[in-house]
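Chain by chain, the residues:
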Amino acid sequence: MTRKKPRMLFRGLRAMIWHDCDPNRQFLELYLQRLGLRVSCCGVGGKLCERGEFDLLFFDSDQDLPIGELDLDVPMIALVGSEAPSRLQWVLGHNAASLIFKPVRSAGIYGSIVFAMNQYEERLSIAAQQERLNSKIRYRKLVIFAVLKTMREQGCDEEQAFSGLRRQAMERRITIEMLCADVLAKNLPAGHLRDTWPLAHDRP
Amino acid sequence: MSLNNIHNGVAEIPVGILYSITGPYGDVNASMVNAAILGLEEANAELDGSFKLKPVFKDCHGKLSTYSKNCERMIYEDGCQHIIGCYTSAARKQILPLLERTNTLLWHSARYEGFEASENVLYLGASPNQHLIPLVRYILAAMVPEIYCVGSNYIWTWESNRLLREQIIEGGGRIIAQRLVTMGDLHIDHIVSEIISLKPPVVFNTLVGEASYRFYRALWRAVSAHPDLEPGDITVVSCSLCEEELPFIGEPASIGHLTSATYFRSLERLENVDFLTRYRERFGDDTAPSVDAESAYVCARILGRSIAASGTDAVSAVRDAAKTFSFEAPEGTVRIDRTTNHSFLTPRLAVSRRGFSFQIIWEAAEPVDPDPFLVWQGEAQARPETEWKAKGSSARARHVVDTEAKES
């Protein structure tokens, strides 16, 4: 698998800093602006605004912030003061993508964003890949049935049946699992498979 | 007020000058030390006895550990809160934690590869959008953009090549090859042979010191000896070749190379002619500064005016004051940007000619915004200043500059 070119530029990215106002937060805010990010801040006692309003979260790992309750789906960077095992466990438990140590200084901020954004994108792409593989496993049975059906109807061997199905899938530009589902669906009551199977035109 | 020593009624402020006049790049650092000293002397004269800037020079011999040691001595023993210096990025990175810990301000004179913006550094040297980007644009517009890269294996080369590759490919050109040699390795004949066989129209050179001079000489000999090639068929371009290095290469090998920089000695500007005269009067007729030295001079002059404006040598007050005015430097109008601590500078392209000098072939119409993280490239240099949020509009930095220039 060839790796995608890493993202190095973050202009326009919306960052949220969940940390009380102090020199750490002030300097981080200034530095993020230098990098072209749009920055909002929220004190640790404040309520973080709704999901979807920022693309990157910096949070204070020295406070027991209710991150788990928020169901956030953005890359997160922990602002770490206390580097003790308990706090690092807590940070790991919230899937932080990288760390910045306090007191915040210029060195390390850009690097931590590069890592957080790229790790996060890689995590998403691995999750999507995993979902694709899971659905392949789920529909493996359908492929076997479709091959058997084709062998039966056309009197060919399994290799020829599979090649035929694969060719048809390629011609219709859908996965072989989808094609097999379609082939089998013709024997089934209408709509039976469609409840669970996304059709070609439903795909992104 | 934290002025240091009162001497004959005049507050004396020690200013560190941290370069290496011996070691691998000692030859080019000597003029930076001279220029910084000249700048401090002129700042003292301008201020007419209200305070005295005292140069504290320490030679670092090009060794990283010596930079740390000398910087520490300047801060703790000599009481320096302001230091002019550093030629390589490695040296700057070495002393940066110490500067930040002790809240000391470095006035950084050299061009560098960007991607840094410390509160304890004022960057008077150019960042890539002021040296490499103009060069790339020129290559794409006026040359065949097929480039062979040769360089010393270190950060300046890595970052320059990365950026060059991205910009050239985006512009429809290509990188033919990239060859790196270990820093200090003088064996470059195999690279010259490869260049002669590939015949690239452009060679991008990031070699340093003696390796670079040997490369220019060897390439000239090889091109001259080749039946199908003429000097000029292969143009060597760089962001580092300067006047002081041309005699080390020697004529005619030193002629015809394209350099991007914010200052050339041949710049026709009254401030520059006067500056060169004063420099030669002070240090001898056979001496003259090049880009990084001129920038060290500008550091000293802006430092002097900032201390005068703030009435103290305290770092935060001086840093704030330094961003409130522009300075008519030999290289043009220089102003330090509020947001990035980098400077508005005027990019120029020049070709080396006979007499160890450069002929300027292009210059930007006005000083260019610093963009150390290359955030605003492709936006026609549009960059919001810090006030943009408050105003609710994305004011172009250039307009902001214009307004401030009119006000001052």
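These numbers were taken from a predicted model, which means no experiment stands behind them.

1. Describing the overall build of chain B
The secondary structure content of chain B amounts to 13 helices and 16 strands. With 408 residues in all, chain B has 58% of them scored as buried. Here the analysis covers contacts within chain B between residues at least 6 apart in sequence; of these, 67% occur between residues at least 24 apart. For chain B, the exposed area adds up to about 16,000 Å²; of that, 51% sits on carbon and sulfur atoms.

2. Digging into the layout of surface pockets
To find the voids left in a structure, one rolls a probe of water-molecule size over its atoms. All names here are of chain B. Each pocket or cavity is described by its volume, and for the largest pocket that value is around 890 Å³. Lining the largest pocket are 46 residues, with Tyr25, Tyr87, Thr88, Tyr154 and Val208 sitting closest to its centre. Secondary structure elements with two or more residues in the lining of the largest pocket: helix 1 (26–47), helix 3 (89–102), helix 5 (155–170), strand 9 (202–206), helix 7 (209–225) and helix 10 (291–310). When residues of the lining of the largest pocket are assigned to their parent elements, the largest contribution, six residues, is made by helix 7. Both domain 1 (5–126 + 266–345) and domain 2 (129–261) contribute no fewer than three residues apiece to the lining of the largest pocket.

3. A look at the environment of Phe373 of chain B
Mapped onto the elements of the fold, Phe373 of chain B is located in the loop between strand 16 (357–363) and helix 12 (388–391). Between the alpha carbons of Phe373 of chain B and Ser127 of chain B there is a distance of 8.8 Å; along the sequence they are 246 residues apart.

4. Regarding the confidence of the model for chain A
Confidence in the prediction of chain A, expressed as mean pLDDT, is 85, and 87% of residues score 70 or more. Across residues 188–204 of chain A, confidence stays below pLDDT 50; counting only partners more than four residues off in sequence or on other chains, it has 20 contacts.

5. Comments concerning the packing of aromatic side chains
For any pair of aromatic rings, the description rests on two quantities: the centre-to-centre distance and the angle between the ring planes. Counted according to the given criterion, the structure contains 15 aromatic pairs over all chains. Relative to Trp90 of chain A, the ring of Phe59 of chain A lies with its centre 5.9 Å away and its plane at 70°, an arrangement referred to as edge-to-face. On the criterion of sequence distance, the pair formed by Phe59 of chain A in strand 3 (residues 56–60) and Trp90 of chain A in helix 2 (residues 85–93) is long-range, its members being 31 residues apart. Relative to Tyr123 of chain B, the ring of Tyr112 of chain B has its centre 5.5 Å away and its plane inclined at 15°; by these criteria the two rings are stacked. Within this pair, whereas Tyr112 of chain B is found in the loop between strand 5 (105–108) and strand 6 (121–123), its partner Tyr123 of chain B is found in strand 6, the two being separated by eleven residues in sequence.

6. A few points about the packing of helix 2 (residues 64–76) of chain B against helix 3 of chain B
Residues and elements named next belong to chain B. The interhelical angle for the contact between helix 2 and helix 3, taken along N-to-C directions, is 30°, at an axis separation of 9 Å. Viewed along their axes, helix 2 and helix 3 adopt a mutual orientation that is roughly parallel. The interaxial crossing formed by helix 2 with helix 3 has right-handed handedness. Across from Leu64, Tyr67, Ser68, Cys71, Glu72, Ile75 and Tyr76 in helix 2, the residues of helix 3 making contact are Ala90, Ala91, Gln94, Ile95, Leu98, Leu99 and Thr102. Across the contact of helix 2 with helix 3, the residue classes break down as ten nonpolar, three polar and one charged.

7. Remarks on the sheet that holds strand 13 (residues 332–336) of chain B
Residue and element names in this part refer to chain B. A sheet is described by the order of its strands in space; here three strands give the open sequence 12-13-14, paired in antiparallel fashion. Edge strands, defined here as strands with exactly one partner in the open sheet, are strand 12 (326–329) and strand 14 (343–344). With two bridges connecting them, strand 13 and strand 14 associate as antiparallel partners. Looking at strand 14, one finds that Arg335 is bridged to Phe344.

8. Here's the deal with the nonpolar core
Judged by nonpolar contacts, the single largest core of 98 residues is most densely connected at Ile83, Ile84, Trp107, Leu124, Phe215, Leu219 and Ile302 of chain B. For this core, the domains that each give at least three residues are domain 1 (5–126 + 266–345) and domain 2 (129–261) of chain B.

9. Comments concerning the interface of chain A and chain B
If you look at the interface, chain A gives 15 residues, while chain B gives 21 residues. Seen at the junction of chain A and chain B, the total is two salt bridges. Salt-bridge contacts for Glu119 of chain B lead to Arg34 of chain A; the nearest nitrogen and oxygen are separated by 2.3 Å. Between the two partners, chain A and chain B, sit seven residue pairs in polar contact (both at pLDDT 80 or more). The element contributing the most residues to the side of chain A that touches chain B is helix 1 (residues 23–34) of chain A, with five residues. Classifying every residue of the side of chain A that touches chain B by side-chain character gives seven nonpolar, three polar and five charged.

10. A word on a nonpolar patch on the surface
Residue and element names in this part refer to chain A. Residues Ile144, Phe145 and Leu148 make up a contiguous nonpolar surface patch of roughly 280 Å² in combined accessible area. Structurally, Phe145 is set in helix 4 (residues 140–154). You can call Phe145 partly exposed: its relative accessible area is 43%.

11. Some points on the pairing of strand 5 (residues 98–101) of chain A
Residue and element names in this part refer to chain A. Burial along strand 5 is one-sided: the face carrying Ser98 and Ile100 is buried and the face carrying Leu99 and Phe101 is not. With four bridges joining them, strand 4 (residues 76–80) and strand 5 adopt parallel strand pairing. Bridge pairing links Leu79 to Ile100 in strand 5. Read as a crossover between parallel neighbours, the route from strand 4 over helix 2 to strand 5 is right-handed.

12. Some thoughts on the side chain of Asn205 of chain B
All names here are of chain B. Here Asn205 shows up in strand 9. Among the polar contacts made by the side chain of Asn205, one reaches the main-chain amide nitrogen of Leu207 at a distance of 2.7 Å. Of the polar contacts made by the side chain of Asn205, one reaches the side chain of Ser212; its length is 3.3 Å. Ignoring anything within four residues of it in the chain, the contact list for Asn205 reads Val150, Ser212, Phe215, Tyr216, Val236, Val237, Ser238 and Ser240.

13. Quick notes on unusual backbone geometry
A cis amide bond links Lys102 of chain A with the next residue in sequence, Pro103 of chain A, at an omega value of 0°. Phi is positive for Asn103 of chain B, close to 50°, though the residue is something other than glycine. Note on placement: Asn103 of chain B falls in the loop between helix 3 and strand 5. For Asn341 of chain B, which is not glycine, the phi dihedral falls at a positive 65°. Its location among the elements puts Asn341 of chain B in the loop between strand 13 and strand 14.

14. Topic: the sheet that holds strand 2 (residues 38–42) of chain A
Residues and elements named next belong to chain A. On the basis of which strands lie adjacent, the open sheet formed by five strands has the order 2-1-3-4-5 and parallel pairing. Looking at which strands have only one partner, the edges of the open sheet turn out to be strand 2 and strand 5. Strand-to-strand twist in this sheet, taken as the mean axis angle between neighbours without regard to direction, amounts to 20°. The pairing of strand 1 (residues 14–18) with strand 2 spans five bridges and is parallel. From the neighbouring strand, Met16 faces strand 2, where its bridge partner is Ser40. Across the sheet, helix 3 (residues 109–138) lies against strand 3, strand 4 and strand 5, angled at about 165° from strand 5, the strand it touches most.

About the thresholds
- Residues numbered from 1 in each chain as written.
- Chains lettered and ligands numbered in written order.
- Predicted model: local features only at pLDDT ≥ 70, side-chain atom pairs only at ≥ 80, totals over all residues.
- Heavy atoms only, no water.
- Helix = DSSP H or I, 4+ residues; strand = E, 2+ residues; numbered from the N terminus.
- Buried < 20%, exposed > 50% of the residue type's maximum accessible area, 1.4 Å probe, protein only.
- Contact = heavy atoms within 4.5 Å.
- Areas by Shrake-Rupley, 256 points an atom, 1.4 Å probe, with all protein chains shown as cover.
- 1 Å grid on protein atoms, 1.4 Å probe; cavity = no way out; pocket = protein on both sides within 12 Å on 5 of 7 lines; lining within 4 Å.
- Points joined across faces, edges and corners; volume = space filled by probe spheres on them.
- Domains from an automatic or database assignment.
- pLDDT = per-residue confidence, 0-100.
- Phe/Tyr/Trp six-rings, centres within 6.5 Å; stacked < 30°, edge-to-face > 60°.
- Axes fitted to C-alpha atoms, helices over the stretch in contact; angles between N-to-C directions.
- Parallel < 35°, antiparallel > 145°, perpendicular 65-115°, else oblique.
- Left-handed = near helix turned anticlockwise from the far one by under 90°.
- Nonpolar A, V, L, I, M, F, W, Y, C, P; charged D, E, K, R; others polar.
- Pairing = 2+ DSSP bridges.
- Core = buried A, V, L, I, M, F, W, Y, C linked by side-chain atoms within 4.5 Å.
- Salt bridge = Lys/Arg side-chain N within 4 Å of Asp/Glu carboxyl O.
- Polar contact = N/O pair within 3.5 Å; in protein donor to acceptor, adjacent residues only side chain to side chain.
- Patch = residues over 30% accessible without salt bridge, like charges linked within 9 Å, V, L, I, M, F, W, Y side chains within 5 Å.
- Right-handed = clockwise from strand over helix to strand, strands pointing away.

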